[in-house]
Structure formats: structure tokens, C-alpha cells
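Each chain, letter by letter, is given below.
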Amino acid sequence: MVLDQSLDREKVSEFSLTLTAVDGGSPPRSGTTLINVVVLDISDNAPEFEKPVYEVHVPESSPLDSLIIKASATDLDAGINGELSYSFSHVSRDVRKTFEIHPISGEVYLKAPLDFEIIQSYIINIQAIEGGSLSGKSSILVRVVDVNDNPPEFTASTVSPSKLPSDAWPVQGRNALACGTASSLSAALPDGHLADSV
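Residues numbered from 1 in each chain as written. Predicted model: local features only at pLDDT ≥ 70, side-chain atom pairs only at ≥ 80, totals over all residues. Heavy atoms only, no water.

A. Structural context of the overall build of the protein. Of regular secondary structure, the protein possesses one helix and 13 strands. Counting helices and strands in the order they occur from the N terminus, the protein gives β-β-β-β-β-β-β-α-β-β-β-β-β-β. The proportion of buried residues among the 198 residues of the protein is 26%. Restricting to contacts in the protein with at least 6 residues of sequence separation, those with at least 24 account for 61%. Per element, the accessible surface of the protein, about 13500 Å² overall, is 54% carbon and sulfur. (Helix = DSSP H or I, 4+ residues; strand = E, 2+ residues; numbered from the N terminus. Buried < 20%, exposed > 50% of the residue type's maximum accessible area, 1.4 Å probe, protein only. Contact = heavy atoms within 4.5 Å. Areas by Shrake-Rupley, 256 points an atom, 1.4 Å probe, with all protein chains shown as cover.)

Have a look at this one:
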């Protein structure tokens with residue numbers, strides 16, 4: 001018995017054949033037997049992620065150890081050839097110090113504080129490697145969401161009396177002058193909100 005065409009365990013994993021032998025006597029006699037062919041698996045399928053790119057929005061106030069996302073891949077191979085291990089792939093130092101990935105579940109966690117005013121987004125390249133050393137790749141785009149975590153910063157400037165018009169003296173209320181000088185006060189908000197100036 002020889003193989004007539006190539007096998008693919010992922011399509012057909014087992015064959016049941018009946019073999020019959022006939023002798024040359026008169027009358028001829030025959031015998032049959034059942035042959036069960038089990039197709040053994042080899043590592044011929046690379047892992048595939050559900051998405052080529054995942055995107056997630058994360059508030060910068062998220063606590064440490066927060067679950068960011070769970071990336072999942074599948075492999076058609078069986079046994080050890082289908083067992084997956086997740087890891088980062090060619091990522092920056094900022095990514096490695098800010099995030100971590102569970103090697104079995106593919107869950108990505110936050111391990112360092114986020115700061116929208118410093119970094120607004122991260123690209124995390126991940127890979128799933130199966131027991132036969134084939135791998136699949138995907139990327140996670142993490143967008144940091146700004147929260148109101150910075151108080152206003154005030155700046156003040158003064159103007160000498162010689163630069164003021166003669167009818168500006170004296171002034172009452174919010175434009176009042178002190179010690180012969182005029183002052184202007186403005187507030188800058190790092191989170192992007194508008195501020196008043198006087």
C-alpha cells in the first residue's frame with residue numbers, strides 16, 4: 001500500500017480502510033482486514049491572531065496592574081505544536097518598562113504610570129510562538145486618554161508707571177495698581193482647558 005496523495009491532518013486526521021486478499025484457487029478464497037490510518041501532526045501551521053492590529057484607549061489615571069487588553073491567537077496544529085507562548089517583539093524601552101504580557105494568556109497589563117503630557121500613544125508589537133517554533137505577529141495601539149490631573153500654573157508680569165497712560169492712575173477693582181506698578185496675571189492649564197487672564 002502506497003500513498004497516492006499528500007496528507008493534511010487538519011482536514012482529515014484518520015482513515016479507515018478495508019483490505020481484501022483473494023487467492024488463485026478454484027473456487028477462489030478471500031480474506032479481509034480493517035486498517036485504521038492515523039495521520040500524525042507536524043508543525044505546519046503558524047499561529048494567527050484575531051486581528052492584525054488591536055486598538056485600545058486607556059485613561060492616564062489607570063492604576064498599576066490594570067488589564068489593558070487580551071490578545072488571542074489560534075493554531076490548527078495539535079499537541080505541543082499547538083501550544084502558544086506570547087511575548088513582546090522588537091518593542092521600545094518605554095513599552096517594556098510600562099507594560100507586561102502574560103506568556104500563557106496573552107493578557108497585557110500596566111506596570112508603570114501613564115502620563116498623557118509625556119507620551120500620548122504606544123505601539124506594542126506582540127508575537128505568539130507555538131511548540132514547533134512557528135510564530136504569528138500582531139500589534140497593539142495604546143492611546144493614552146488625558147484626564148484633568150494638572151492644576152493651573154500662574155504667570156505674572158509687571159509694567160512700570162512710565163509706560164502707562166496718564167489717565168490710568170488710579171484704577172480701582174480688578175485692574176488696581178499696587179506700589180506704582182501695573183500687573184497682569186494669566187493662568188496656563190497643561191490639560192488644554194481655557195483660563196482667564198487679568
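B. Molecular detail of unusual backbone geometry. In this structure, the amide linkage connecting serine 26 to the following residue, proline 27, adopts the cis form with an omega of 0°. Note that proline 27 resides in the loop between strand E1 (14–22) and strand E2 (30–38). Look at aspartate 65: it is not a glycine, yet its phi comes out positive at around 70°. Take aspartate 65: it is sitting in the loop between strand E4 (53–59) and strand E5 (67–70). What makes aspartate 65 exposed here is its relative accessible area of 56%.

C. Spatial organisation of the pattern of salt bridges. If you walk through the whole model with that rule in mind, you get two salt bridges. Taking the shortest distance from any N to any O, the salt bridge between arginine 143 and glutamate 55 comes out at 2.8 Å. Highlighted residues: arginine 143 in strand E11 (residues 135–145) and glutamate 55 in strand E4, separated in sequence by 88 residues. Arginine 143 gets classed as partly exposed once you look at its relative accessible area, which sits at 35%. (Salt bridge = Lys/Arg side-chain N within 4 Å of Asp/Glu carboxyl O.)

D. Looking closely at the sheet that holds strand E8 (residues 99–101). Here three strands make up an open sheet; going across it, the order is E5-E9-E8 and the pairing antiparallel. This sheet does not close on itself; its edge strands, each paired only once, are E5 and E8. Across the sheet, the mean angle separating the axes of adjacent strands is 20° when strand polarity is ignored. Note: E5 against strand E9 (residues 107–110), three bridges, orientation antiparallel. Among the inter-strand pairings, lysine 70 is bridged to a residue of E9, identified as glutamate 107. (Pairing = 2+ DSSP bridges. Axes fitted to C-alpha atoms, helices over the stretch in contact; angles between N-to-C directions.)

E. Region of interest: the pairing of strand E10 (residues 121–130). Note: strand E7 (residues 84–88) against E10, five bridges, orientation antiparallel. Residue pairing in the sheet places leucine 84 in a bridge with glutamate 130 of E10. Across nine bridges, E10 lies against E11 in antiparallel orientation. Across the sheet, residue tyrosine 122 finds its bridge partner in E11, namely valine 142. Counted between consecutive antiparallel strands, the loop separating E10 from E11 contains four residues, among which serine 133 sits at a positive phi close to 80°.

F. Structural view of the packing of aromatic side chains. Applying the stated criterion across every chain yields a total of two aromatic pairs. Here phenylalanine 99 and tyrosine 122 contribute two aromatic rings whose centre-to-centre distance is 5.1 Å and whose plane-to-plane angle is 80°, an arrangement assigned as edge-to-face. Here tyrosine 122 lies in strand E10 and phenylalanine 99 lies in strand E8, a separation of 23 residues in the sequence. Residues phenylalanine 99 and tyrosine 122 agree in their burial class; the two are buried. (Phe/Tyr/Trp six-rings, centres within 6.5 Å; stacked < 30°, edge-to-face > 60°.)

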